[in-house]
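Overview (structure and organization)
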Amino acid sequence: MPDSEPRQPDDPAADTTDTPETSALTLCGARLTDGRVVDVRVCGDRIEAVGTAGSLTAPGARLDLRGHLLLPAPAEPHAHGDTALTADAAGPASERPEDIRRRATEAALLQLGHGATALRSHVRIGDLQGLAALEAVLLARRSLCGLADLTPVAVPRLLTGVAGADNLAMLRDAVKMGAGAVGGHPDLDPDPSGYVEAVLEVAAEHGCPVDLHTDGDDPARLARFAALAGGMRQGVTIGPCAGLARLPTGVAARAAGQLAAAGVSVTCLPQGGCRGTEHRGAAPVRLLREAGVRVAAGSGALRDPANPVGRGDPLEAAFLLASQGGLRPEHAYAAVSVEARYVMGLPELRVEAGFPAELLAVRGDGLAGALSLAYSRIVVHRGRVVARTSAVREYHDSATAPGGPGLPRQGRPESTGGH
C-alpha cells in the first residue's frame, strides 16, 4: 500500500484523561501469528517487553494464555450506535436521549466483547432532533472511559440550499461539542458535490477527519469527490462503496485509481449494509487494494432495521473478507485492525515492545483457525483485561454406552486453563 500523510487521530481529547494503569501484567505462553510462543509484559498502556515463553519472570499479575493466539486488537471504523439494537422495536425507535445513550453504550460493550477496543460511530444530527443524539453518544463515551474508546461522527442529512443552512451551522457546533469526525450522506442531498464541499470545508476549519457514506455507483461523482478531497491533509474515508462492484471492471478500476491518487480510503461492510445505504452487497475489495486504496472493514448496522441480525464482530468481517472476498487471512485481519486503525487516525499496533497495549487473545493456534472458530476471547485495553468471553463445547458422554460411537469431548486440561 502507498505511503501517505499521517491521519489526524479521532477526537484526541475524547475524555480519556483518567490516570493510566501503572500495574504490570504478564501474558504468558501466547502464540503469535509467526508461530513463536512468547511472554508479553505490559506496563501501563504500553507493551514493555516480549520474550520467549518463561523468560519474563518479574513480579506482578500473570495471565496464562497457553493455547491462545495473541493479536493486535481490532477496531470498529463504521458503527451506528445511536440506532443499534432497535430491530425489534414496535414502531419507530425511541429518540429519547437516555435511550440513545443506553443503546450506544450497550452496542459498544457488545463490540468490545468481540475485541474492538476503539470504535467510530456515525450519529445523526440536525432537523428536529438537533444535537440531542450526539450529546447522548458523548455521554455514552464518557461512561465507557477505561473500557473502550468511542468517537462519534456527526452526520447531517442535508447541507445545501436553504434547507441545509441550519444543518451546516449545526455541523460546526457538533465538532465544537466533541464530534471526532464529520460525515454524512452526500448521495441523499440534491447537490452531492455541494454537500461534499461543505463537509470538507468544515473539516479543514477544525482539523478533523472526514467519513462519508456513499454507494459508489456513480463514477463521475466519485471522480469529482476525489478531485475535491485530493488537497485535504485530514484523513478522508468513504464507504461502504458496494456500488463499485456493480460497475464494469474497467470503470471501477479507474475510479479506484482516482481515489488512491487522492489518498481516499474506503471502509467496506462485509456483514451487510447500514442506515443510509440503499443497496446490499460488498465493495470490490481486491480491485480497490490492487489500485492502491487502503481498505478497512467495519460492521455497519448492529441489529437495527438495516440489518436485524448484525453482530458487530470484526472477526466475522475478516472471516467474510477471506471466505467470500478472496483475501488471505492475514490481509483480511489487517482490514479490521491495521487498516481500521489507520482510517480512524489511531496509532499502529504490533505485539512488540513500545507499542500500545491493545490486544486480543483468541483460542487457537493460527489466524485462519481464529477467524473460523474464534469463540473464546480475552480483550486487553490500555494494559488491562477489560472483557472475556469463554466458550466450552461438550458432547454427550457415550463412552459407557454399549457400542457407543466414541465421540470426542472437549474438557479443561490443566495445561490450558480453559477454552
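Numbering of residues starts from 1 in every chain and runs along the sequence as written. Thresholds applied to this predicted model are a pLDDT of at least 70 for local features of residues and 80 or more for the giving and counting of side-chain atom pairs; totals over whole chains, interfaces and linings are not thresholded and use all residues. The basis for every side-chain value is the complete set of non-hydrogen atoms in the structure, without hydrogens or water.

**Some words on the overall build of the protein**
Operational definition: Runs of H or I in DSSP of at least four residues are treated as helices and runs of E of at least two as strands, each being numbered from the N terminus. Type-normalised accessible area, obtained with a 1.4 Å probe on protein chains alone, sets the label of each residue: buried when under 20%, exposed when over 50%, and partly exposed for intermediate values. Calculation of accessible area relied on Shrake-Rupley with a 1.4 Å probe; when residues are assessed, cover is drawn exclusively from the protein chains displayed.
If you tally the helices and strands in the protein, you get 11 helices and 16 strands. Residue burial in the protein is summarised as follows: out of 419 residues, 54% are buried. Accessible surface computed for the protein: about 17700 Å², of which carbon and sulfur atoms make up 52%.

**Describing the side chain of Ser 121**
This is how it is decided: Here, residues are in contact when the closest pair of their heavy atoms is within 4.5 Å.
Checked against the element boundaries, Ser 121 lands in strand 7 (residues 118-125). Leave out the neighbours within four places in its chain, and Ser 121 touches Ala 79, His 80, Gly 81, Asp 82, Leu 150, Thr 151, Pro 152 and Val 153.

**So, the pairing of strand 12 (residues 264-268)**
To keep things clear, this is the line we draw: Note on pairing: two strands pair once DSSP finds at least 2 bridges between them. By convention a crossover is right-handed if, when the strands point away from the viewer, the path from the first strand over the helix to the second runs clockwise.
Strand 12 sits mainly inside the fold: 5 of its 5 residues count as buried. Neither face of strand 12 is exposed, since Val 264, Val 266 and Cys 268 on one face and Ser 265 and Thr 267 on the opposite face are all buried. In terms of strand pairing, strand 11 (residues 236-240) meets strand 12 through 3 bridges, oriented parallel. Bridging from a neighbouring strand, Thr 237 pairs with Ser 265 of strand 12. Assessed by its sense of winding, the connection that carries the chain from strand 11 through helix 6 (residues 249-262) to strand 12 is right-handed. Where strand 12 meets strand 13 (residues 295-297), 3 bridges bridge the pair, whose relative direction is parallel. Looking at strand 13, one finds that Thr 267 is bridged to Ala 296.

**Points about the pattern of salt bridges**
Just so we agree on the cut-off: Every case where a carboxyl oxygen of Asp or Glu lies within 4 Å of a side-chain nitrogen of Lys or Arg is listed as a salt bridge.
All told, the structure shown has 26 salt bridges when counted by the stated rule. For Arg 66, the salt bridge goes to Asp 64, with nearest N and O atoms at 2.6 Å. Here Asp 64 falls in the partly exposed class, since its relative accessible area comes to 31%. A salt bridge links Glu 352 to Arg 350, with the shortest nitrogen-to-oxygen separation between them at 3.8 Å. By relative accessible area, which is 37% here, Glu 352 ends up partly exposed. Classification of Arg 350 as partly exposed rests on a relative accessible area of 36%. Connected via shared salt-bridge partners are Arg 96, Glu 98, Asp 99, Arg 102 and Glu 106.

**Quick notes on helix 9 (residues 329-336)**
Taken together, the buried positions of helix 9 are Ala 332, Tyr 333, Ala 334, Ala 335 and Val 336. Looking at the packing, one finds that the buried side of helix 9 touches strand 5 (68-72), strand 13, helix 8 (314-323), helix 10 (338-343), strand 14 (359-363) and helix 11 (367-373).

**Description of the packing of aromatic side chains**
Cut-off, in case you're wondering: Pairing of aromatic rings covers Phe, Tyr and Trp, the last through its six-membered ring, and needs centres within 6.5 Å; plane angles under 30 degrees mean stacked, over 60 mean edge-to-face, and all others mean tilted. A positively charged side chain is recorded as over a ring if its NZ (Lys) or CZ (Arg) lies within 6 Å of the ring centre. The angle to the ring normal must also be within 35 degrees.
Taken as a whole, this structure holds 0 aromatic pairs when the rule is applied. Over the ring of Tyr 342 we find Arg 294; its NZ or CZ atom is 3.7 Å from the centre of that ring.

**So, the confidence of the model for the protein**
The test is simple: The predictor attaches a confidence to each residue, called pLDDT, with possible values from 0 through 100.
The pLDDT averaged across the protein works out to 90; a share of 88% of its residues lies at or above 70. Below a pLDDT of 50 lies the segment residues 1-8, which in the model reaches 24 contacts outside its immediate sequence neighbourhood of four places, other chains included. Long-range and interchain partners of residues 11-21, a stretch whose pLDDT sits below 50, account for 17 contacts in this model, where long-range means more than four residues apart.

**Regarding helix 4 (residues 192-206)**
Where we set the bar: Expected helix span is taken as 1.5 Å per residue step, with the number of steps being one fewer than the number of residues.
In this model, helix 4 (15 residues) spans 22 Å end to end at C-alpha, consistent with the 21 Å of a helix rising 1.5 Å per residue. Where helix 4 is concerned, the buried positions are Pro 192, Gly 194, Tyr 195, Val 196, Ala 198, Val 199, Leu 200, Val 202 and Ala 203. Those residues of helix 4 hidden inside the fold are in contact with strand 8 (149-156), helix 3 (161-177), strand 9 (181-184), strand 10 (210-214) and helix 5 (219-229). A positive backbone phi angle near 65 degrees is found at Gly 207, which sits one or two residues after helix 4.

**A few points about the packing of helix 5 against helix 6**
Packed helix pairs are characterised by how far apart their axes lie and by the angle those axes make with each other. To keep things clear, this is the line we draw: A fitted line through C-alpha atoms represents every axis, and for helices the fit uses only the stretch in contact; the resulting angles, taken between N-to-C directions, go from 0 to 180 degrees. Each angle is binned into one of four classes, with values under 35 degrees roughly parallel, values over 145 roughly antiparallel, values of 65 to 115 roughly perpendicular, and all other values oblique. Note that Gly is not counted as nonpolar here; it falls among the polar residues with everything else outside the nonpolar set of Ala, Val, Leu, Ile, Met, Phe, Trp, Tyr, Cys and Pro and the charged set of Asp, Glu, Lys and Arg.
One way to put it is that helix 5 packs onto helix 6 with a least axis distance of 8 Å and a crossing angle of 10 degrees. Judged on the interaxial angle alone, helix 6 and helix 5 are roughly parallel. Residues Pro 219, Leu 222, Ala 223, Phe 225, Ala 226 and Ala 229 of helix 5 form the contact with helix 6, whose participating residues are Val 251, Ala 255, Gln 258, Leu 259 and Ala 262. Across the contact of helix 5 with helix 6, the residue classes tally to 10 nonpolar, 1 polar and no charged.

**As for unusual backbone geometry**
Glycine aside, residues mostly have negative phi angles, and peptide bonds mostly take the trans form. The peptide bond linking Gly 239 to Pro 240 adopts the cis configuration, its omega dihedral lying at 5 degrees. Even without being a glycine, Leu 85 presents a positive backbone phi close to 65 degrees. Looking at where Leu 85 falls in the secondary structure, it is placed in the loop between strand 6 (76-79) and helix 1 (97-114).

**Regarding the pairing of strand 16 (residues 384-389)**
Alignment of strand 15 (residues 377-381) against strand 16, held across 5 bridges, turns out to be antiparallel. By the bridge assignment for strand 16, Val 380 is matched with Val 385.

**As for the environment of Arg 46**
Mapped onto the fold, Arg 46 is located in strand 3 (residues 46-52). The class of Arg 46 is partly exposed, set by a relative accessible area of 40%. For the pair Arg 46 and Ala 24, spaced 22 residues apart in the sequence, the C-alpha separation amounts to 9.9 Å.

**Points about the nonpolar core**
Selection criterion: Within this scheme, the nonpolar core is defined by two criteria: the residues are buried Ala, Val, Leu, Ile, Met, Phe, Trp, Tyr or Cys, and they are joined through side-chain atoms within 4.5 Å.
Membership of the largest hydrophobic core comes to 80 residues, with the highest contact counts inside it found for Val 182, Val 210, Phe 225 and Ile 238. Take this core: its biggest share by element is 7 residues, from helix 4. Among all residues touching Ile 238, those that are not within four sequence positions of it are Leu 212, Thr 214, Leu 222, Phe 225, Leu 259, Val 264, Ser 265, Val 266 and Thr 267. Ranked by size, the runner-up nonpolar core spans 17 residues in total, among them Leu 27, Ala 30, Val 351 and Ala 361.

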